[in-house]
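Residues per chain, in single letters:
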Amino acid sequence: MNKYLLIGEVLKPQGVKGDVKVRPITCDIFRFEDLDEVFFVKDGEYSPIGVSLVRMDEDAVYLHFDGIDDRNQAETIRGNLLYVDRAHAVELEEDENFIVDLIGLKGVDDEGNEYGKLVDVMQPGGNDVYVFRDRRREVLVPALKTAILKVDLEAGVMLMSAKRLREVAVFDEV
């Protein structure tokens, strides 16, 4: 399980004082309000940096990082991804999981059929869609409580309802 969770990407400098525009990669944009620190990755190592919120818009967050005090310095971090450690992650409800924890789960149904590994989670709008793939096919499964019976992260398995999959899943040969 990854110790760090992706929450945003630095898009560009904003102004002349070192502030940057960030694209949130999180379901909860308000999670930026209480951040004191984020992590950048350089050469595979996670390095902490202090951060303060400047302001938020509908689709962007404007942040200031400790030690980044002018536009030229801000330009050097353009494209960097922002992470938080799990200790500072948003709290999830009982039925919720981080997408990064779901990727790689084995898909099986209650009749013993296997659907391969979960390789992607699409977020088209109303609900997420899980993408399972094996050598023969790709299966798209809407994240419905009636279709997903159990997620067992420790066992690495997502148990699904075979009956419901026949009604709502999309099966595509690869």
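Residues numbered from 1 in each chain as written. Predicted model: local features only at pLDDT ≥ 70, side-chain atom pairs only at ≥ 80, totals over all residues. Heavy atoms only, no water.

**What about the confidence of the model for the protein chain?**
Looking at the protein chain, pLDDT values average 93 and 99% of them are 70 or higher. Least confident of the elements in the protein chain is strand β13 (residues 170–173), whose mean pLDDT is 90; most confident is strand β7 (residues 106–109), at 98. (pLDDT = per-residue confidence, 0-100. Helix = DSSP H or I, 4+ residues; strand = E, 2+ residues; numbered from the N terminus.)

**Overview of the pairing of strand β9 (residues 129–133)**
Burial within β9 is extensive, with four of its five residues counted as buried. Both strand β8 (residues 114–122) and β9 contribute to a ladder of five bridges, which runs antiparallel. Its bridge partner being in β9, Met 122 is matched across the sheet by Val 129. The turn joining β8 and β9, which pair antiparallel and follow one another in sequence, is formed by six residues; a positive phi near 150 degrees is taken by Gly 125. Pairing of β9 with strand β10 (residues 137–142), which is carried by five bridges, proceeds in the antiparallel orientation. The residue of β10 that forms the bridge with Val 129 is Pro 142. Following β9, the chain reverses through three residues before pairing antiparallel with β10. (Buried < 20%, exposed > 50% of the residue type's maximum accessible area, 1.4 Å probe, protein only. Pairing = 2+ DSSP bridges.)

**Considerations on the nonpolar core**
One broad rule of soluble globular proteins: the nonpolar side chains tend to lie buried together. Counting residues in hydrophobic clusters, the biggest one holds 21 residues, and the most contacted among them are Val 10, Val 20, Val 38, Leu 63, Phe 65 and Leu 82. Those elements that provide at least two residues to this core are β1 (4–13), β2 (20–24), β3 (37–42), β4 (45–56), β5 (61–65) and β6 (81–85). Beyond its immediate sequence surroundings of up to four residues, Val 38 is in contact with Ile 7, Ser 47, Pro 48, Ile 49, Val 51, Phe 65, Leu 82 and Tyr 83. Of all hydrophobic cores here, the second largest spans 15 residues; its members include Tyr 115, Val 121, Tyr 130 and Met 158. (Core = buried A, V, L, I, M, F, W, Y, C linked by side-chain atoms within 4.5 Å. Contact = heavy atoms within 4.5 Å.)

**Details of the side chain of Asp 101**
With respect to the helices and strands, the residue Asp 101 is situated in helix α2 (residues 99–102). A residue is classified by how much of its surface remains accessible, and Asp 101, at 14% relative accessible area, is buried. There is a polar contact of 2.5 Å between the side chain of Asp 101 and the side chain of Arg 86. (Polar contact = N/O pair within 3.5 Å; in protein donor to acceptor, adjacent residues only side chain to side chain.)

**A look at unusual backbone geometry**
For Asp 43, which is not glycine, the phi dihedral falls at a positive 55 degrees. Mapped onto the fold, Asp 43 is located in the loop between β3 and β4.

**Quick word on the environment of Gly 67**
Of note, Gly 67 is situated in the loop between β5 and α1 (71–75). Given the relative accessible area of 48%, Gly 67 is considered partly exposed. Spatially, the C-alpha atoms of Gly 67 and Gly 50 are 8.5 Å apart, while their sequence positions differ by 17 residues.

**Quick word on the sheet that holds β7**
With mixed pairing, the seven strands of this open sheet are ordered in space as β11-β12-β7-β8-β9-β10-β13. The sheet terminates laterally at β11 (148–152) and β13, the two strands that pair on one side only. Pairwise comparison of adjacent strand axes, ignoring direction, gives a mean angle of 30 degrees for this sheet. (Axes fitted to C-alpha atoms, helices over the stretch in contact; angles between N-to-C directions.)

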